[in-house]
Amino acid sequence: MKKAFMCLALVGVLLLSFTGCTTTKSFTYSVETGDSIKITLDTSDGYDLSSDLPFTVSKGGETLMQGTFVQGEYYEQYVDLAKTDSSCTVLDESSDGNIEYVFYSVNDSEYDYVVSIKNSNTALLLGNQHSQSEAQKCFELLTFSVED
């Protein structure tokens, strides 16, 4: 009986490990634009999100990305700068549900996102000085929404 219980327990643990657990951390920021913006980070790989501004995405105590809010009208100015400044290279741009964004590098040593949050007066600037892949990973773990 004890052996059967141990086998069932082992099978249960294995099933849980195959399904994986996703954990998240969210903060809603009252932005000076008058909007309340909720940022959610998938923390299942050990990433963490700070509540203060500028907010940070970190892992193992090391800050990997910083973010701050700006007036929505500045989104186009940052996009134009990324597309026209000779020190910048646009790496990706897309629109996805609640956001529109441009991902670009500055002198191949800083990797930034400028994000327009749809249905708001708010844009977001995200910066990473580690690597392109780390910036992309952090960004993929984030979701943004406007709260009522």
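Rules used throughout
Residues numbered from 1 in each chain as written. Predicted model: local features only at pLDDT ≥ 70, side-chain atom pairs only at ≥ 80, totals over all residues. Heavy atoms only, no water. Helix = DSSP H or I, 4+ residues; strand = E, 2+ residues; numbered from the N terminus. Buried < 20%, exposed > 50% of the residue type's maximum accessible area, 1.4 Å probe, protein only. Contact = heavy atoms within 4.5 Å. Salt bridge = Lys/Arg side-chain N within 4 Å of Asp/Glu carboxyl O. Phe/Tyr/Trp six-rings, centres within 6.5 Å; stacked < 30°, edge-to-face > 60°.

*Asks:* Please provide a residue-by-residue account of the environment of Ile99, values included.
*Replies:* In this fold, Ile99 is placed in strand E7 (residues 99–106). Residue classification places Ile99 among the buried positions, given a relative accessible area of 7%. Taking the C-alpha atoms as reference, Ile99 lies 5.4 Å from Lys118; in sequence the two are 19 residues apart. If near-sequence neighbours (up to four positions away) are discounted, Ile99 is found in contact with Val115, Ser116, Ile117, Lys118, Phe139 and Phe144.

*Asks:* Which residues make up the pattern of salt bridges, and what values go with them?
*Replies:* Evaluated as defined, the whole model comprises three salt bridges. Notably, a salt bridge pairs Asp48 with Lys25, separated by 2.7 Å at the nearest N-O pair. With a gap of 23 residues between them, Asp48 in strand E3 (residues 47–49) and Lys25 in strand E1 (residues 24–30) connect regions that are remote in the sequence. Put simply, Asp45 and Lys137 hold a salt bridge, and the shortest N to O gap is 3.3 Å. Residue Asp45 is located in the loop between strand E2 (36–42) and E3, and its partner Lys137 is located in helix H3 (residues 132–140); the two are separated by 92 residues in the primary sequence. The class for Lys137 is partly exposed, based on a relative accessible area of 28%.

*Asks:* Please provide a residue-by-residue account of the packing of aromatic side chains, values included.
*Replies:* Aromatic ring pairs are described here by two measures, namely the spacing of the ring centres and the angle between the planes. Applying the stated criterion to the full structure yields nine aromatic pairs. Between Phe27 and Tyr29, the ring centres sit 6.4 Å apart and the planes meet at 55°, which makes this aromatic pair tilted. When the centroid spacing of 6.1 Å and the interplanar angle of 50° are considered together, the rings of Phe55 and Phe69 count as tilted. Residue Phe55 is located in strand E4 (residues 55–59), and its partner Phe69 is located in strand E5 (residues 62–71); the two are separated by 14 residues in the primary sequence. Taken as a pair, Phe55 and Phe69 share a single burial class, namely buried. Ring-pair connections join several aromatic residues into one group, and the members of that group are Tyr101, Phe103, Tyr113, Phe139 and Phe144.

By themselves these figures say nothing about function.
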